[in-house]
Amino acid sequence: MKILVKRTIHYYISKYPNAEKGLLLWVTEFSKYSFTNFNELKSIYGNASIINNNRVIFNIKGNDFRLIGSINFIQQACYVIWFGTHKEYDSINAATIAFDINIQNFKTKEL
C-alpha cells in the first residue's frame, strides 16, 4: 500500500513528537502490505476499526493515538485523513471529519 501525501505524516510528527516512532513504524509496516479488501487488512491489523466511506481507524503507539485513513484497494493506496490522541478522537466524528487543508502549506522534507 502506498501512503499518499507523506507531508501529512510529517505534519503530525511535528504536532505530536512523542508519536513519531509509532507513526513511522506504522508507515513502514503498512507500506509493505498489499490488501485487496477489508478482511485481508483486518487479518493483519486486528484492532483496526472499519467505518463508512472506505475509512479505517488504526491504533498507533499502543492506542495512545488514532489514525483515520481512507483506503483504495484497487489503487493500493491509503490517504491519511486525520491523526490525533485517543482523547481528541473521542471528540470527532470519524466518519465525516475532513482532511485539514492547512497541511498542504506545511513545509518539510520527504520521508
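Residues numbered from 1 in each chain as written. Predicted model: local features only at pLDDT ≥ 70, side-chain atom pairs only at ≥ 80, totals over all residues. Heavy atoms only, no water.

### Here's the deal with the nonpolar core
Burial of nonpolar side chains together is a common tendency in soluble globular proteins. Counting 35 residues, the largest nonpolar core has Tyr12, Trp26, Phe30, Leu41, Phe58 and Phe83 as its most contacted members. Of all the secondary structure elements, the ones that give two or more residues to this core are helix H1 (7-15), helix H2 (20-31), strand S3 (55-60), strand S4 (65-72) and strand S5 (77-85). Setting aside anything within four residues of it in sequence, one finds phenylalanine 83 in contact with Tyr12, Tyr16, Ala19, Leu23, Ile60, Phe65, Arg66 and Leu67. (Core = buried A, V, L, I, M, F, W, Y, C linked by side-chain atoms within 4.5 Å. Buried < 20%, exposed > 50% of the residue type's maximum accessible area, 1.4 Å probe, protein only. Helix = DSSP H or I, 4+ residues; strand = E, 2+ residues; numbered from the N terminus. Contact = heavy atoms within 4.5 Å.)

### Overview of the packing of aromatic side chains
Applying the stated criterion across every chain yields a total of 18 aromatic pairs. A ring pair is formed by tryptophan 26 and phenylalanine 30, whose centres lie 4.8 Å apart and whose planes are at 15 degrees; its orientation type is stacked. Of this pair, tryptophan 26 and phenylalanine 30 both sit in helix H2, four residues apart, which is roughly one turn of that helix. On the basis of relative accessibility, which here comes to 0%, the residue phenylalanine 30 falls in the buried class. Pairing tyrosine 33 with tyrosine 45 gives two aromatic rings, centres 6.1 Å apart and planes at 80 degrees, and the pair type is edge-to-face. Of this pair, tyrosine 33 sits in the loop between H2 and helix H3 (38-44) while tyrosine 45 sits in the loop between H3 and strand S2 (49-51), and the two are 12 residues apart along the sequence. We classify tyrosine 45 as buried; its relative accessible area is 10%. Put simply, the rings of Tyr11, Tyr12, Tyr16, Phe65, Phe83 and Phe106 touch in pairs and so form one group of aromatic residues. (Phe/Tyr/Trp six-rings, centres within 6.5 Å; stacked < 30°, edge-to-face > 60°.)

### Topic: the packing of H1 against H2
Relative orientation of the contacting elements H1 and H2 amounts to 160 degrees, with a least axis distance of 9 Å. By the angle between their axes, H1 is roughly antiparallel relative to H2. Between H1 and H2 lies a crossing of right-handed hand. Of the residues in H2, those touching H1 at Ile9, Tyr12 and Ile13 are Glu20, Leu23, Leu24 and Val27. Grouping the amino acids of the contact of H1 with H2 by side-chain chemistry returns six nonpolar, no polar and one charged. (Axes fitted to C-alpha atoms, helices over the stretch in contact; angles between N-to-C directions. Parallel < 35°, antiparallel > 145°, perpendicular 65-115°, else oblique. Left-handed = near helix turned anticlockwise from the far one by under 90°. Nonpolar A, V, L, I, M, F, W, Y, C, P; charged D, E, K, R; others polar.)

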